[in-house]
Amino acid sequence: MLEEKYHQLQLAQELRSQGALEEAKTQLENLVADVPQYHAALHILGLTHSDLGDLNSALTYFARATAVLPDSYVSHAALATIYVELGHLEAGERSVREALLIKPDATESLATLAQIHRDQKDYKTAYELLKRCVRLEPSFDAARVLLGIVCLDMGLEEEMVATVLPLTLPERLSNEAVYLLSSISRNNRTFDLSSLIDSLPPSERQKPDWFFAKAGDLQRNEEYEQAWKQFEIANSMVRKSTQLHEARYENWERESLAYLYAAQPIKDTNVDKESPNSLYILGPSRSGKTTMERTVQYTGGI
């Protein structure tokens, strides 16, 4: 019996690792239906729901996992992360503190707690927690980036640069670190921003933000012709993105109107035509005002 359930769990884990999330979810749901106290199945089912973007279901299963095994660090830590993603900071803090009672030096949970304090605008506590993270695990790059962000929150530009500059090395290159460094004025830089941007992967470099950053950098260096070229590239990217958005919107509008034509109800002949009520539809550009007007136009009884 136990061996069979363990085999089911292994199969579900394999499906999840292959990206077959729905199949893994079904396997795990069947498993916890048969064995409601199976901690590992509950935890992995929480992870699977999180992978699928269903955070509320993930929350439910991580909470069940912590109830079944209160000493499970990983389940308390995962529960805290979901609470934070859902914006429930107080509950998240309770869960992450439970995790830290089990593993006081767990850098992942220290970083989660720091994020909570930053969201609460308690930058000093966040800063202290992240400094501790980086001391305990110097290679924890996500904590280093978050420490850089908190340094900016506190106006500590020089410390931010010292914190994230190691993340511009080829073996540790971080897009977030380069983005943070782009916020530093040219006069205060000890690095070449354009070279850092050029060292990013091609797929990452092709974003308008980087071209705008390079344009600003060149402009501050009075290289106006080159700055203008970068600015034009960035603007072209934004225009293409906007046109794509417009095309998608227009397609959606056509489909909506086609549906309204097909589903148009019979006009209600009992409507009192002698005493109509005025209906005003107000809204800024691109707010759906035109679509709403057409919806009213093709709906009976209005």
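Residues numbered from 1 in each chain as written. Predicted model: local features only at pLDDT ≥ 70, side-chain atom pairs only at ≥ 80, totals over all residues. Heavy atoms only, no water.

Enquirer: Let's hear about the overall build of the protein: which residues, and what values?
Expert: Helices and strands together make up the secondary structure of the protein, namely 16 helices and 0 strands. A total of 302 residues make up the protein; the buried ones form 37% of that total. Here the analysis covers contacts within the protein between residues at least 6 apart in sequence; of these, 47% occur between residues at least 24 apart. Split by element, the accessible area of the protein, about 18,200 Å² in all, is 52% carbon and sulfur. (Helix = DSSP H or I, 4+ residues; strand = E, 2+ residues; numbered from the N terminus. Buried < 20%, exposed > 50% of the residue type's maximum accessible area, 1.4 Å probe, protein only. Contact = heavy atoms within 4.5 Å. Areas by Shrake-Rupley, 256 points an atom, 1.4 Å probe, with all protein chains shown as cover.)

Enquirer: Residue-level account of helix 1 (residues 2–17), with values.
Expert: Relative to the 22 Å expected for 16 residues at 1.5 Å per residue, helix 1 spans 23 Å between its end C-alpha atoms, a close match to the ideal helical length. Listed as buried for helix 1 are Lys5, Gln8, Leu9, Ala12 and Leu15. Buried residues of helix 1, viewed axially, fall in a sector of 125 degrees; they line one side. Within helix 1, the exposed residues directed more than 90 degrees away from the buried face are Glu3, His7 and Ser17. On its buried face, helix 1 is in contact with helix 2 (21–34) and helix 3 (39–51). (Expected span 1.5 Å × (residues − 1). Arc of directions from axis to C-beta.)

Enquirer: Please give an account of the nonpolar core that cites residues and values.
Expert: Counting residues in each nonpolar core, the largest one holds 43 residues, and the members touching the most others are Leu130, Met160, Val178, Leu181 and Phe191. Within the second largest apolar cluster, 12 residues are counted, among which are Ala12, Tyr38, Ala41 and Ala65. (Core = buried A, V, L, I, M, F, W, Y, C linked by side-chain atoms within 4.5 Å.)

Enquirer: Which residues make up the packing of helix 7 (residues 107–119) against helix 8 (residues 123–136), and what values do they have?
Expert: Where helix 7 contacts helix 8, the axes come no closer than 8 Å and their chain directions differ by 160 degrees. When the axes of helix 7 and helix 8 are compared, the pair comes out roughly antiparallel. Considering only the axes of helix 7 and helix 8, their crossing is left-handed. Taking contact as the criterion, the partners of Thr107, Leu110, Ala111, Leu113, Ala114, His117 and Arg118 in helix 7 are, on helix 8, Tyr123, Thr125, Ala126, Leu129, Leu130, Arg132, Cys133 and Leu136. Here the residues of the contact of helix 7 with helix 8 are counted per class, giving 10 nonpolar, 3 polar and 2 charged. (Axes fitted to C-alpha atoms, helices over the stretch in contact; angles between N-to-C directions. Parallel < 35°, antiparallel > 145°, perpendicular 65-115°, else oblique. Left-handed = near helix turned anticlockwise from the far one by under 90°. Nonpolar A, V, L, I, M, F, W, Y, C, P; charged D, E, K, R; others polar.)

Enquirer: Any chance you could break down the pattern of salt bridges for me, citing the residues and the numbers?
Expert: The tally for this structure, following the rule as stated, stands at 9 salt bridges. Of the charged contacts, one joins Asp105 and Arg132 as a salt bridge, the two residues approaching to 2.7 Å between their closest N and O atoms. Within this pair, whereas Asp105 is found in the loop between helix 6 (89–102) and helix 7, its partner Arg132 is found in helix 8, the two being separated by 27 residues in sequence. (Salt bridge = Lys/Arg side-chain N within 4 Å of Asp/Glu carboxyl O.)

Enquirer: Give a detailed account of the side chain of Thr163, specifying residues and quantitative values.
Expert: Note on placement: Thr163 falls in helix 10 (residues 157–164). For Thr163, the side chain forms a polar contact with the main-chain oxygen of Glu159, separated by 2.7 Å. The residues touching Thr163, leaving out its near neighbours within four places in the chain, are Arg144, Leu147, Gly148 and Cys151. (Polar contact = N/O pair within 3.5 Å; in protein donor to acceptor, adjacent residues only side chain to side chain.)

Enquirer: Describe the environment of Gln120, listing the residues and the values that go with them.
Expert: Topologically, Gln120 is positioned in the loop between helix 7 and helix 8. We classify Gln120 as partly exposed; its relative accessible area is 35%. Residues Gln120 and Leu89 lie 31 residues apart in sequence; the distance between their C-alpha atoms is 8.3 Å. When residues no more than four places from it in sequence are discounted, the contact partners of Gln120 are Leu89 and Glu93.

Enquirer: Could you give an account of the confidence of the model for the protein, naming the residues involved and the relevant values?
Expert: Residues at a pLDDT of 70 or more form 78% of the protein, whose mean pLDDT is 82. Ranking the helices and strands of the protein by mean pLDDT puts helix 8 first, with 97, and helix 16 (residues 289–297) last, with 58. (pLDDT = per-residue confidence, 0-100.)

Enquirer: Residues and numbers for helix 4 (residues 55–68), please.
Expert: In this model helix 4 runs 20 Å from its N-terminal to its C-terminal C-alpha over 14 residues, within 8% of the 20 Å that 1.5 Å per residue would give. The set of residues buried in helix 4 consists of Leu55, Ala58, Leu59, Tyr61, Phe62, Ala65 and Thr66. In the core, the buried residues of helix 4 are packed alongside helix 2, helix 3 and helix 5 (73–85).

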